[in-house]
Amino acid sequence: MKEIIERMGMDEFVHLCNRLVMEMGFKIRNSVYRENIAVFDAYMPLPGRSLHYVIIFIRKNKVSKEEILDMIDVETVEVRWMIITTGKFEDVDDLKRRDDITLMEWEDFERLLREFGLEEEMSREQRGKEIRESRILPSVGEVESMLQWAREFWEDENYDKALEYVNNAIKIKPLPSALKLKARILRGMGKYEEAISILKDVLEANIEDDEAWLILGEILEDMDDYEEAEEAYAQCVRFNHRNLACWINRGNVMLLLEKHQEALMCYEKALSIRRDVPSVWNNRGVVLKHLGKYDDALRSYNIAIEIDPDFADAYLNKAYLYFDLRRYEEALNAVEEYLNRKEDVRGYILLARIHMKRNLKKEAKEALEKALAIEPGNQDAKELLDKLEGRGREERELRRLRENMEKARKILYENLDKLRKKYEELGVSNEQVENMLKETKNMLDGGEIVDALLHLLALMQEIHTLEIKSLKNMVEKDTSMLLDLANMKVENLKDLSPKELELLREDAMKRIIISQIEKGEQGGEGMDMEEIHKLEKEILKEVSAGEEYKGLAHILYEEEKWKELRRIGDEHAYNALGLKALANRRYKKAVEYFIKALNKNPSYRAAEFNLAYALLRRGDERRARALLKHLGLEEYMEKMKKGK
Amino acid sequence: MKCVLCGKDSLRPVCKDCTAKIKREYPFLIRKGFLSGNFEEDLNKALERDLLFNDILKNLNDMAKNALQGKGGNYALLTQASLHLHRHYSFYLKNFEIGDDYYLSLAEKFSSKVRGDEGRYLKYEIMRERGNLKGALKILDSISNKDRKYLLEKAKLLVEMGEMDAAEGIYQELLKDEDPKVWRTLADALFTRGSYEGALKVYAHIVEIKKDDHMAYYRMALCHQYMGNLKMAMEALRNAISANKYHVESYLLLLALYERRNMKEERKKLITKMRRIGLEPSFFGVG
């Protein structure tokens, strides 16, 4: 059997692996192959979840650990690796111990082929022919698999990923189901216009597609365009009178539009299709209440509860109904049932209202405190609590203002402390600042917040000026020393800006170095030769890697002086070496150099662009794309691929 | 020191003679691109996006060479190219025995051939680059078409000069129609001046108008960081990442802040997130 596999063309080998992966129960998302390696991006569907696997087949007699590590990303989480070879693995004991890696040698591979009935197929010429001639284009099954993934991502609200998969499926075949799913995903992303445009295309191809009308209605509802949404739902039920979701949505829209009679009709229609949906009974109850049919409404809520005793909203609506009818005892029972199932603000506020009606102030207060614990800023709860405690709006405002003033005072104290520390660290004495520090503290103690704030701002400015002054003094002193050494005279040193001082210092430094070298060369007074060479070396060090001669490496690259170039260790040097490696098609090396360049300077865009190019050449499209996306140059992905 | 090209004594890595020789053939001094590949790109776009591929550089050098020999050319484009090189590649000049403002001198030469308001704008930009803000303002005021672009430039310049009252008057006029681009100019100007509190307020307004403006969030984070409010900085960075999940700068800063605050778990999660979308943290020296 091994001989047959070794004789196979790569296409045949990939098809064989493809079949084996599918027979093993995996769903394939994507596959690539090169030379003697086939890689399958797949998942194993399990009830309620799925496991992501990358399965790699290597047709080779010996596979080393380095080769494996070159293909897999051991740090990637949530991915399991299955590596199957026609030969043997070498030196992989530590990899075997990992839970996320499964290694299979020829014996295992052969066993799998036998177990899944592929051995017989390979040995029969006719079957072999079938394998050879089997599909190259993705099958309907694969499209369905992509759509399934897209659906799962959509349900998990991972819209970016869902969109990626649905787009891939559409590229293969723009099935209406795929287009509708895309519209749903775009809806989830809030890209309503784009979604509507897709739905229009679907409806142009088939005006009777009720699902497309339904999605259109939902999008219009999201856009708060209830009239148009209602129109879309009307079209939906026109083409499919038994679309339950549509009747429910239409009823809800009617309710929002306060067309209660029409809403009731929609819910009745929905119930004629299915009678066991509690939310429909519940909504029907709401409509009946609006129409003043309280007994019918109550019956409707009770049916919802009968169908699903845990359907909390029906209890709440029932409680509201009893409350409106002033049947507080029954309202209390219903709201307690609700709170047993769902503890939320609405429930507690209603509970408080019921207690207030029954003059149970303590209980009402407790309920409101619970509501505020869930949602501290809830205005209704706050107002009810104030009403309960007899407080007016002005008193509330005053309390809020007091609290805020206290907070502000605390912050000002903290800032004052920070400024005091800063001043002390400066090590200078300034009477004005010290007075201001005292005054500000007195003001804060006395509660004069506004004055204290103004003082604090002035204080900040003063201390900042002191800081600058002290720094400038230091720089002036330093510059003056350098100027003496360089035999330079500048009279207005105090009038110069920090930038001008910096330039002056640079100039002085250069003069000192040059004069010392000149003295040394002339054999005159000054440093001895050893010192001069040391100094020359220092300067050359500056030339080779220093900040001053940034980009020198690129000149050496232009001149093809590789030996000198390698001695420089800055980002331009690594970038230049990477460019050379790229030109020589040594992509792995190129990647290494560009990473080094980026490590030296993570904002070096050229190195990042080059790294993307080198990664793409190595087949790492995912990382290349991510870098290009960061650079805002995603369109270069296609250009690079074409260049390939 | 010795010239790296000819070995003669030199004050800089490339001596005067070698510099002159290169300059004759390649007026922009850079002969090969820093980028791999040689993709076709429109010259203006290439400058705008800093995509100086080999052919683009060759075209620009050839065009500049002809223009300097009096054979004509697209002077406006050449001025833009000189300004671009001055802004992004002037570090390169330190390797040559040549003035540090060589690219600006080239820009001046080319812009002198550009007539009308376009020429005046270019001269204004050069003057600004030279740090002569008063001179720049004078040129800007000589522009006859006082349109929105003029107003925006003037406002920017006034902020740079510290003339906040005058700038505010223009901004009030410009900001009537809530254009995020204008807000951005104001915010950036404040940020560059170091007025972080003011910049922060403007960036916060920008994200209200344009919720997915990751750069505004990122700058907000920088403002918070400079003001010592790391918690808010982290929040802004998380917003920047959710607005643009490929914004590496935000990831790197957030990772650094997590590290500073010893938030190991969050850091680990963020690294995993980067990896999941293909941004390998080790490329940028972290992880």
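Residues numbered from 1 in each chain as written. Chains lettered and ligands numbered in written order. Predicted model: local features only at pLDDT ≥ 70, side-chain atom pairs only at ≥ 80, totals over all residues.

### A look at the overall build of chain A
In step 1: Along chain A, the regular secondary structure elements total 34 helices and 7 strands.
In step 2: Counted over contacts in chain A with a minimum sequence separation of 6, partners at least 24 positions apart contribute 43%. (Helix = DSSP H or I, 4+ residues; strand = E, 2+ residues; numbered from the N terminus. Contact = placed C-beta atoms within 7 Å.)

### Considerations on the overall build of chain B
In step 1: Each helix and strand in chain B was counted, giving 15 helices and 0 strands.
In step 2: The 287 residues of chain B split such that 41% are buried.
In step 3: Expressed as a percentage of contacts within chain B between residues at least 6 apart in sequence, the contacts between residues at least 24 apart total 40%. (Buried ≥ 20, exposed ≤ 12 C-beta atoms within 10 Å, placed from the backbone.)

### What to know about the nonpolar core
In step 1: Counting residues in hydrophobic clusters, the biggest one holds 128 residues, and the most contacted among them are A:F594, A:L611, B:Y203 and B:A221.
In step 2: Top element by residues in this core is helix α32 (residues 605–617) of chain A. It accounts for 9 residues.
In step 3: Here A:F594 is in contact with A:N575, A:G578, A:A607, A:N610, A:L611 and A:A614, once residues within four sequence places are set aside.
In step 4: A:Y165, A:I219, A:C236 and A:L264 belong to the second-largest nonpolar core, a separate cluster that totals 79 residues. (Core = buried A, V, L, I, M, F, W, Y, C linked by C-beta atoms within 7 Å.)

### Here's the deal with the confidence of the model for chain B
Residue and element names in this part refer to chain B.
In step 1: Per-residue confidence for chain B gives a mean pLDDT of 89; residues scoring 70 or more make up 100%.
In step 2: Ranking the elements of chain B by mean pLDDT puts helix α9 (residues 164–174) last, at 81, and helix α4 (residues 75–89) first, at 94.
In step 3: Among the prediction metrics, the complex's ipTM stands at 0.91, with pTM recorded as 0.45. (pLDDT = per-residue confidence, 0-100.)

### Some remarks on the environment of A:V143
In step 1: Mapped onto the elements, A:V143 comes out in helix α8 (residues 140–155).
In step 2: Expressed as a C-alpha distance, the spacing of A:V143 and A:R29, which sit 114 residues apart in the sequence, is 9.2 Å.

### Points about helix α16 (residues 278–290) of chain A
Residue and element names in this part refer to chain A.
In step 1: The end-to-end C-alpha distance of α16, which contains 13 residues, comes to 19 Å, matching closely the 18 Å that a straight helix rising 1.5 Å per residue would cover.
In step 2: With 10 of its 13 residues buried, α16 lies for the most part within the structure.
In step 3: Those residues of α16 that sit buried are V280, W281, N282, N283, R284, G285, V286, V287, L288 and K289.
In step 4: Looking at the buried residues of α16, the elements they touch are α14 (244–256), α15 (260–273), α17 (294–307) and α18 (312–324).
In step 5: Once α16 finishes, G292 follows within two positions and takes phi at roughly 85°, a positive value. (Expected span 1.5 Å × (residues − 1).)

### Details of the packing of helix α9 (residues 159–172) of chain A against helix α10 (residues 176–188) of chain A
Residues and elements named next belong to chain A.
In step 1: Running from amino to carboxyl end, α9 crosses α10 at an angle of 160°, the nearest separation of the two axes being 10 Å. If you check the angle between α9 and α10, you find them roughly antiparallel. The element α9 and its partner α10 pack so that their crossing is left-handed. Taking contact as the criterion, the partners of Y159, A162, L163, V166, A169 and I170 in α9 are, on α10, A178, L179, L181, K182, I185 and G188.
In step 2: Its residues assigned to classes, the contact of α9 with α10 comprises 10 nonpolar, 1 polar and 1 charged. (Axes fitted to C-alpha atoms, helices over the stretch in contact; angles between N-to-C directions. Parallel < 35°, antiparallel > 145°, perpendicular 65-115°, else oblique. Left-handed = near helix turned anticlockwise from the far one by under 90°. Nonpolar A, V, L, I, M, F, W, Y, C, P; charged D, E, K, R; others polar.)

### Let's talk about unusual backbone geometry
Residue and element names in this part refer to chain A.
In step 1: Phi is positive for N359, close to 65°, though the residue is something other than glycine.
In step 2: Take N359: it is sitting in the loop between α20 (345–357) and α21 (361–374).
In step 3: Classification of N359 as exposed rests on a count of 8 C-beta atoms within 10 Å.
In step 4: The phi dihedral of E560 falls on the positive side, at around 55°, and the residue is not glycine.
In step 5: One can find E560 in the loop between α28 (552–558) and α29 (562–567).

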